[in-house]
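Listed below are the residues making up each chain.
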Amino acid sequence: MHATNKPFNIDKRLVYEAYKAVKSNRGAAGVDEQTIEQFDADLSGNLYKIWNRMSSGTYFPPPVRAVAIPKKSGGERILGVPTVADRVAQTVVKLLIEPILDSVFLADSYGYRPNKSALDAVGATRERCWKYDWVLEFDIKGLFDNIDHELLLRAVRKHITCKWALLYIERWLKAPMVQEDGTTIERSRGTPQGGVVSPIIANLFMHYTFDLWMTRTHPNLPWCRYADDGLVHCRTKQEAEALKAELQARLAECHLEMHPTKTKVVYCKDWKRKGKYPNVKFDFSDTAFGSVWP
């Protein structure tokens, strides 16, 4: 059945497909403490509410719940967990925009994309390490927390024309976060890491911030990016150091910051390449590279 007499024409089947995707991914409860099992207890009614509110333009996302998870490198990462109903609503938009945006992304962007994986990124990187002596490995400090809303929405509007998708993306960006002690944090930048649409719109932001910029300014240097973690293959140490300075300035233009300790210039040492250098291995997509020779 299709929507009738509503400002936005949203197919009810799209809402059901979104629900099936959310159910298969499981996930924790949000601020309302409703589990997927509890949502299922009145499935028809809950899905109708989502469809009705989204179709009428009256859907406003609830706050996300802050959940701290440990990082492999130490410290914690704060996830913003939406409610089950909000995950369904976000998935409705994701199902609409993902095919459009994924067709825009470049081949060497690997994170959060269908039919691409971290292993694909690692495979491409290993082959290139045999051909280039140096690597600039970079990491974005707090990408999801620091994305500029105005710049992001400019990029989204360039590719997405659906009015209701744009409306709800903007509302999700502004959804506050409730911490474990009950305090609420308003959001003026960033997109909650843990949200359904956050990965794809963060990818779009990096598409313009890095991917296209790199392709335009350094077309002869191969690169690879997985979300906020990336690298560029360089011919000399001097070239890598110069690129590091350029990229730092580029990120600052886009209101982002290069991670000071995770960003480094690495020598790709193997059985042919000699010399002593402080960095001869790097971590990319949680995979450690030492010698590039298999």
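Description of the structure in this document. (Residues numbered from 1 in each chain as written. Predicted model: local features only at pLDDT ≥ 70, side-chain atom pairs only at ≥ 80, totals over all residues. Heavy atoms only, no water.)

### Notes on empty space enclosed by the protein
Here's step 1: For the structure on display, the rule yields one cavity of 30 Å³ or more.
Here's step 2: If you add up the space inside the largest cavity, you get close to 70 Å³.
Here's step 3: As for the largest cavity, its lining consists of 14 residues, and the residues nearest its centre are Gln-90, Trp-172, Thr-191, Pro-192 and Ser-198.
Here's step 4: Only α4 (84-102), α8 (163-174) and α9 (198-217) provide two or more residues apiece to the lining of the largest cavity.
Here's step 5: Among the elements that take part in the lining of the largest cavity, α8 stands out by supplying three residues, more than any other.
Here's step 6: Here the lining of the largest cavity is built from residues that sort into nine nonpolar, four polar and one charged. (1 Å grid on protein atoms, 1.4 Å probe; cavity = no way out; pocket = protein on both sides within 12 Å on 5 of 7 lines; lining within 4 Å. Points joined across faces, edges and corners; volume = space filled by probe spheres on them. Helix = DSSP H or I, 4+ residues; strand = E, 2+ residues; numbered from the N terminus. Nonpolar A, V, L, I, M, F, W, Y, C, P; charged D, E, K, R; others polar.)

### Structural notes on the environment of Val-197
Here's step 1: Examined against the element boundaries, Val-197 turns out to sit in the loop between β5 (184-185) and α9.
Here's step 2: Residues Val-197 and Lys-94, spaced 103 residues apart in sequence, show a C-alpha to C-alpha distance of 5.8 Å.
Here's step 3: Ignoring anything within four residues of it in the chain, the contact list for Val-197 reads Gln-90, Val-93, Lys-94 and Trp-172. (Contact = heavy atoms within 4.5 Å.)

Any link to function would need more than the numbers given here.
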